[in-house]
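Working through the structure, step by step
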Amino acid sequence: MLRHGYTKCPMAWREITLSKRTGGLWLAFDDTQDVDLIVYYCHGGGFSMGSSYFYLEFLLAWLSLLKDSGYRNPAIFALEYDLVPEAQFPTQLEQTVTGYEHVCSITGDPSRVCVSGDSAGATLVLSLLLVIGQLSDYDKHRPGFASLISPWPTLFSTSNRDTRSDFLNAESLHLYGRQYAGGKNNLNDPIVSPGLCKDVNRWSNASPRAGFCFMYGSEEVLGPEIRSLVALLRKSGCSVGVREEAGGIHAWPVAALFLAGSKSARLKGLKDLTKMAWRSIYAKEGLRGVFFGWSPTFVGYSFQGAGKYGFYEVFKYLYGDKMFPNANKTIVYLGASASAEFLADIALCPFEAVKVRMQTTLPPYANGLREGMNKVTAKEGVAGLYKGLTPLWGRQIPYTMVKFATFETTVNEIYKSLGKPKESYNALQQTGVSFLGGYIAGIGCAVISHPADVMVSKLNADRQPGESGGKAMSRIYGNIGFKGLWNGLPVRIAMIGTLTAFQWLIYDTFKVSLGLPTTGGH
């Protein structure tokens, strides 16, 4: 793992025994937490060689990439199955089914499982899917997704032809295929050789919920059969993503991890595989995926916005006119905005907690606001909705203090530079000043709040039960470092500047409609 930038292994792995002849390797970041995704992996090797241990570096690297891509606590279970000639069909498929039942028992939800494999292992995955598709209640057992690297669809096929680049050859493949099948009749069984299944309805039933993604090389022996299977799956109505690497050989993402000369080249295949999975799920979800989590966002920020602007006017009057009439105006703005945000965040925090869980787990933590609230309170109590309150205050109070104080000061300076009092301008001109002042204030807001915003998102997604806020933040900071707190700042500046400008424009337009003066410039 040193080649990938790790001085120590960031996750744990161990052996698991499921039965006398079935077991595998379990890899996870945190065994004390529920997993939001399990990759169920079957290794390749022509049914005659290979082991999960040989793939350990590959699997550890993939698990790390899954974590970085947004999964809260992903895990991988890599199956150890018997090899030929000591064992033949149906032994390996039975072991594959046992392994799948095990990972489904861990998640309690097959849609949280991604079935994956390369070469002969991918063949076992395809056979597993056909077995699931035959069940009367197949929809309850379908996995969430399938990621297949250079699958071997048809064990014996005239389309399997040697190429100048690939290290595989058709003759050896056919020998291994016969050994696995254990008999000539079995070679014609679609469960043994999935590429022989041409029934579109059967493949439609067998398809994972979010479909398939295939990765293979353009120069590999199995290329024609893979392309044929992809076409059939698309004809069946399955969602299928494909990455055919120009000049690539058999199982090139696995081979690249061991043979490529640079870190980017070694991880290229795995990064592409992870991106393809997200794209396929997005394509399946459509606009629902884009706007997923809108309900807690809308309700939460509606409460927060109303509280923030309303309480600001109350506290500005209380502090500036009643309690401290001779105080510096900037101090009044800062105190009033801090007090307003303190109360507004209490209203926002439960909705923010649900939103982050819904948008950063796959499958989603909940399908709606009510379900999300109920799940959090059932598992963690009401306190679970407020575990991000302290860092939320740390993010939002400085943000709002900068937002209101900078806005008020900026608007005052704009009117000074114009040379005429605010009252000499009409309502449209005054709201224009509000828009410009809001944009300038938004830039300051983005900079001052960005580190805490990053930390809040990390805490809601990755804080462990019973872990104190300080300990959690220290652990997360150790993982991402100071630089990680500033990831995405330019985009945030553009977004927050525009958003803040429109907020002030809308707010002051609303005040004008009520016959009230616009904010600032007094």
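Scroll up for the structure.
Structure report, in brief. In this text, all values refer to a predicted model and were calculated from it rather than measured experimentally.

In the structure shown here, the tally under the stated rule is eight salt bridges. Of the charged contacts, one joins Glu244 and Arg227 as a salt bridge, the two residues approaching to 2.9 Å between their closest N and O atoms. Taken together, the residues span a long stretch of sequence, with Glu244 in strand E8 (residues 240-245) and Arg227 in helix H6 (residues 223-235) at a distance of 17 residues. Assessed through its relative accessible area of 32%, Glu244 is described here as partly exposed. In this structure, the salt-bridge partner of Lys416 is Glu413, at a minimum N-O distance of 3.7 Å. Of the two residues, Lys416 and Glu413 both sit in helix H13 (residues 389-418), three residues apart, roughly one turn of that helix. The partly exposed category is assigned to Glu413, whose relative accessible area is 43%.

Let us look at the packing of H13 against helix H16 (residues 489-513). Between H13 and H16, the shortest axis-to-axis distance is 12 Å and the interhelical angle comes to 60°. The angle between the axes of H13 and H16 places the two elements in the oblique class. Once H13 is placed against H16, the crossing between them reads as right-handed. Counting all contacts with H13, which are made through Tyr399, Lys403, Phe404 and Phe407, the residues of H16 involved are Arg492, Ile496, Thr500, Gln503, Trp504 and Asp508.

Mapped onto the elements, Ser339 comes out in helix H11 (residues 329-360). Looking at Ser339, its side chain comes within polar contact range of the main-chain oxygen of Gly335, at 2.9 Å. With sequence-adjacent residues up to four places away left out, Ser339 is seen in contact with Phe315 and Tyr319.

Calculation criteria
Residues numbered from 1 in each chain as written. Predicted model: local features only at pLDDT ≥ 70, side-chain atom pairs only at ≥ 80, totals over all residues. Heavy atoms only, no water. Salt bridge = Lys/Arg side-chain N within 4 Å of Asp/Glu carboxyl O. Helix = DSSP H or I, 4+ residues; strand = E, 2+ residues; numbered from the N terminus. Buried < 20%, exposed > 50% of the residue type's maximum accessible area, 1.4 Å probe, protein only. Axes fitted to C-alpha atoms, helices over the stretch in contact; angles between N-to-C directions. Parallel < 35°, antiparallel > 145°, perpendicular 65-115°, else oblique. Left-handed = near helix turned anticlockwise from the far one by under 90°. Contact = heavy atoms within 4.5 Å. Polar contact = N/O pair within 3.5 Å; in protein donor to acceptor, adjacent residues only side chain to side chain.

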